[in-house]
Amino acid sequence: MNKTYKSDVVIIGSGAAGYTAGIYTARANMNPILIDGQQPGGQMTITTDVENYPGFKDIVQGPWLMEQMKKQAESVGTKIFNDTIVEVNFKKKPFQLNGDNGSVYIGKSVIIATGATARWLNLDSEEKFKGFGVSACATCDGFFFKNKTVAVIGGGNTAVEEALFLTKHAKKVFLIHRRNELRAEKILQKRLFKNPKVEIIWNSVVQEIKGNDNPKKVTGLKIKNIIKKKDQDIKLDGVFVAIGYDPSTNIFKNQIKLDGDGYIITKSNNTHTDISGIFAAGDVTDKIYRQAVTAAGMGCMAALDAEKFLAK
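Residues numbered from 1 in each chain as written. Predicted model: local features only at pLDDT ≥ 70, side-chain atom pairs only at ≥ 80, totals over all residues. Heavy atoms only, no water.

Visitor: Explain the pairing of strand β1 (residues 4-12) to me, please; I cannot follow it from the model alone.
Guide: The two faces of a sheet get side chains in turn, since along a regular strand they alternate between them. Sheet topology places β1 next to strand β8 (residues 104-112); eight bridges connect them, and they run parallel. By the bridge assignment for β8, Ser7 is matched with Gly107. With three bridges joining them, β1 and strand β2 (residues 33-35) adopt parallel strand pairing. Note on β2: the bridge partner recorded for Val10 is Ile33. The handedness of the β1 to β2 crossover, carried by helix α1 (residues 16-27), is right-handed. (Pairing = 2+ DSSP bridges. Helix = DSSP H or I, 4+ residues; strand = E, 2+ residues; numbered from the N terminus. Right-handed = clockwise from strand over helix to strand, strands pointing away.)

This is the structure in structure tokens:
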């Protein structure tokens, strides 16, 4: 038998943004319902060492940090459901959200915190070394590669920005791109070409990420020049995949306003979407910073915006 649950606010997503929104809305007596989705805890659950989240002197583990946020949200009154929203109706109020298990969630307001997922190369070796030398976030993990050699895969703005950031830590940065020219903005390309730590490898794709099993770590790359049809091995310590992100917004198409890349558009200086009562927080609306701490901050903002909305 399908069940229906009603609340002042329904939160979709369970990363730093979703859990923080749950904490704040629960403390405001809004009786929040949180749907944790296909990947409870979000991107942080595939991150190992976290050294830049405020409040911890020592390195903590991403899954542990998300588990602590979950427990805190539950302890103050957030009801967490292990379900995935597959359909929404934002055309009428109260808003209706349908879960994969048949449950229906009714909310006077909704906070969307479904996040975004990094695009990967889809190699078995990439999956094997994720968190052990393979990353999709230089800002998060670049610090661990001080005076080491790394590679960035990609050719757009994100790849070039990641490569430039990594030059602050690494002694050598390879940028590997499948074409013979970059797609990044010219000003970024100019900075990249001038940096003595960067070496660009053109017309090449990654065939395999090589590494050791004990301890598990990356030791190199096997790449292929698609013009010369020639393989090449490179010794290095880390690989950063920077071929883009995909926001988790498919179910919101034709429901709320998205930009050309699929990110939810919010109003300036707040988390309001184009529909009154619908708010968005975290990576689902942020294509610039993509940090756990900024996502948490936006989750707080969304909770406060929802509280003010309901008070009216």
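Visitor: Mind showing me how you'd approach the sheet that holds strand β16 (residues 230-235) here?
Guide: Where strands meet in a sheet, backbone hydrogen bonds hold them as pairs that are either parallel or antiparallel. Strands sit in the order β14-β15-β16 across an open sheet of three strands; the sheet is antiparallel. Where the open sheet ends on each side, the last strands, each with one partner, are β14 (204-213) and β16. Going across the sheet, the axis of each strand differs from the next one's by a mean of 25°, ignoring polarity. Where strand β15 (residues 216-225) and β16 come together, six bridges link them in antiparallel fashion. Paired with Gly220 across the bridge in β16 is Lys235. (Axes fitted to C-alpha atoms, helices over the stretch in contact; angles between N-to-C directions.)

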